[in-house]
Each structure stands twice: as structure tokens, then as C-alpha cells.
Amino acid sequence: MRWIPIVLLLAGSPLFTAYSGTFTDDFSDGDLDGWDVFIHPPLPREEAAHVVKLEDGDLVIDTIAKRVELPPGFDFIEFVRMELRVGDMDAWNSYTLTCQVKFDSAPREGPGMFVVGVRRSEGHFGVTAQQILLILPTQQHIQVETVEPHAERDPILGLQGVIHHEVLDPRNFRRPIKLKQWLPIKIVAEESRFEFHLDENLVAEYEDENAGPGTVMFQAEFMMVVRLDDFMITGPGIPNNDPPQSVRHEARLATTWGEIKNLPNK
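Residues numbered from 1 in each chain as written. Predicted model: local features only at pLDDT ≥ 70, side-chain atom pairs only at ≥ 80, totals over all residues. Heavy atoms only, no water.

Draft legend 1. Just the overall build of the protein, in detail. Of regular secondary structure, the protein possesses three helices and 18 strands. Looking at the protein as a whole, 49% of its 266 residues are labelled buried. Considering only contacts within the protein whose residues lie at least 6 apart along the sequence, 73% involve residues at least 24 apart. Surface accessibility of the protein: about 13500 Å² in total, with carbon and sulfur atoms responsible for 52%. (Helix = DSSP H or I, 4+ residues; strand = E, 2+ residues; numbered from the N terminus. Buried < 20%, exposed > 50% of the residue type's maximum accessible area, 1.4 Å probe, protein only. Contact = heavy atoms within 4.5 Å. Areas by Shrake-Rupley, 256 points an atom, 1.4 Å probe, with all protein chains shown as cover.)

Given below as C-alpha cells:
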């Protein structure tokens, strides 16, 4: 009767497959389908194509973009933000994110930082609630922050609320953060449990009972050139997508560019 457990397992496997999904993007298919791109200051479409682009099978975010003509009053691109917009993101309360990031260029001083946000959603008071991994590569600075759903934004004092804040010491890592070096990122966001891994180092682990569901965000700020690859998010409610197929992305980029929107007031 050993076949009975096998039959039961096979009968139940379609339910599990439907319940848990995987969305992948290796950025080799020539489009940014599923991604919303925000650039500040807002740029015309032809200028924005120099800032967020697909190059050699990677997604490149270039906030230097020397060929870009900026609007009056701006000396540089302040930041670029990308959010994954697929499926029912309001139900994403348990998933794992993995990707590869490489910093081609970053300033020695100033707010040149790269941010990865998970479980990102609108909070009760209009503040964007999320769990954040923040990296300043040239300064060897890493921190993890939590913005709770009930946080408020005071016009004078800024963001107010219960915020988890943890600064990490990269000297304890297996190797220093360097430019032009691929770094794996893994973030586990399973209900109230969170783990942040950078370059195979566990940099933070904690519980947050107030965490809500939400999507994934990447943000590059001030004079940075960042490459992303091998993005994958998997968990209950995540929509499955077809494996990317390599094509000549130069020919498709002009017509499959993800929607570029003006910066929201957040």
C-alpha cells in the first residue's frame, strides 16, 4: 500500500502549485513588463530611456546619465524608484526575494545609496509602510529600517512612528563591499519574520507583528550606476510568469518600455 501516500501527494500538488507562485526577471527579454518606474525629477520618455535601460542582459539604473537634459532647477537626478506591479499585491504577506546587484559607480560622499524595500504598501496615514535594506557601498554602510503602517509624517519633525532601525558593521562580513562586484541579496519576509542577507551574510533578523502585505521596491539615489539581475520573488499569491527568453532587446526596448510616471508625493 505504499502507493497511497504518493497518490495523495500527487492529488494535492496542483493545489500547492496554485497557491504558491514565482515571478522571475533576468532582464534579458528586452522589456520591463510588470515594473513601474519613477524618476525624480520627471523626464521626457526619450531622456528617461538613458536613465533606466536594459544593457547586456542587465537592468541598469544610471542616476549620472550625462546625456540627460534635466528640467530647470535640477543639477542631477535625485533618485530612481522601481516597484513590481503584478497580481494582487495587497495579499503578498509571505515571500522570499532574491536578486543580484552590482554598483558600477557610487559617490565617495553624499547620499549615494541603494535601497531595497519589501512588503511595501500604503500606511494608515499616507506614509509608505515597508521593510528596507539600505546600502551605501563606498562608505561601507548598511542599515535595515522598518516603517510601520501607523507611522505619520510631521511637516516639521518628519517621519514619526515606531521604526525599527539597525546599523550593521560590514567589517564582520566575509568580504568588503566593492564596486563592480556582483552581490547576492536575499530577503525573507514570511508573515512577521524577516531576514536580510547581503553577499551571503545574515545582516539582520527580527519579528515585526505590525508588518502588512505589499510589493517589492528598488531605489537608486544621487550619482549612482547600479546593475540588477536574476530577480526572483516566490511565495503564496505571487503570480507565475513564463521564464524570460533572450531576444535582441535593443530592437524591442522602444516599444516595450515600462510606464514612466512622475514622482508621487511620498
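Draft legend 2. Main features of unusual backbone geometry. The step from His-40 to Pro-41 runs through a cis peptide bond, and the omega angle for that step is 5 degrees. As for its placement among the helices and strands, Pro-41 is situated in the loop between strand E2 (35-40) and helix H2 (45-51). For Asp-230, which is not a glycine, the phi torsion comes out positive at approximately 55 degrees. Considering the arrangement of structural elements, one finds Asp-230 in strand E17 (residues 225-236).

Draft legend 3. Region of the structure containing the packing of aromatic side chains. Per the stated rule, a full pass over the model turns up 11 aromatic pairs. Ring geometry for Phe-23 versus Phe-231: centroids 6.5 Å apart, planes at 70 degrees, classification edge-to-face. Placement of the pair is Phe-23 in strand E1 (residues 20-25) and Phe-231 in strand E17, with a sequence separation of 208 residues. Both rings, one in Trp-35 and one in Phe-218, keep their centres 6.0 Å apart while their planes meet at 40 degrees; by these two values the pair is tilted. One end of the pair, Trp-35, is in strand E2; the other, Phe-218, is in strand E16 (residues 215-221), and 183 residues separate them in sequence. Its relative accessible area of 1% is what places Trp-35 among the buried residues. Here a set of aromatic residues connected by ring pairs shows up, and it is made of Phe-23, Phe-27, Trp-35, Phe-103, Phe-114, Phe-218 and Phe-231. (Phe/Tyr/Trp six-rings, centres within 6.5 Å; stacked < 30°, edge-to-face > 60°.)

Draft legend 4. Quick peek at the pairing of strand E4 (residues 58-62). Counting buried positions over the five residues of E4 gives five, a clear majority of the element. Here E4 shows a buried face lined by Asp-58, Val-60 and Asp-62 and a second buried face lined by Leu-59 and Ile-61. Hairpin connection from strand E3 (residues 52-55) to E4: two residues lie between these consecutive antiparallel strands, with Asp-56 at a positive phi of about 55 degrees. As judged from the four bridges shared by E4 and E17, these two strands associate in the antiparallel manner. Each residue of the ladder has a partner; that of Val-60, found in E17, is Arg-227. (Pairing = 2+ DSSP bridges.)

Draft legend 5. Representation of the nonpolar core. Ranked by internal contacts, the top residues of the largest apolar core, which has 58 residues, are Phe-114 and Phe-231. For this core, the element with the highest residue contribution is strand E6 (residues 94-105), accounting for five residues. When near neighbours in sequence (up to four residues on either side) are disregarded, Phe-114 contacts Val-101, Phe-103, Leu-133, Leu-134, Ile-135, Phe-218, Gln-219, Ala-220, Met-224, Val-226 and Leu-228. One finds Leu-134, Val-147, Ala-151 and Met-217 within the second-largest nonpolar core, a separate group that totals nine residues. (Core = buried A, V, L, I, M, F, W, Y, C linked by side-chain atoms within 4.5 Å.)

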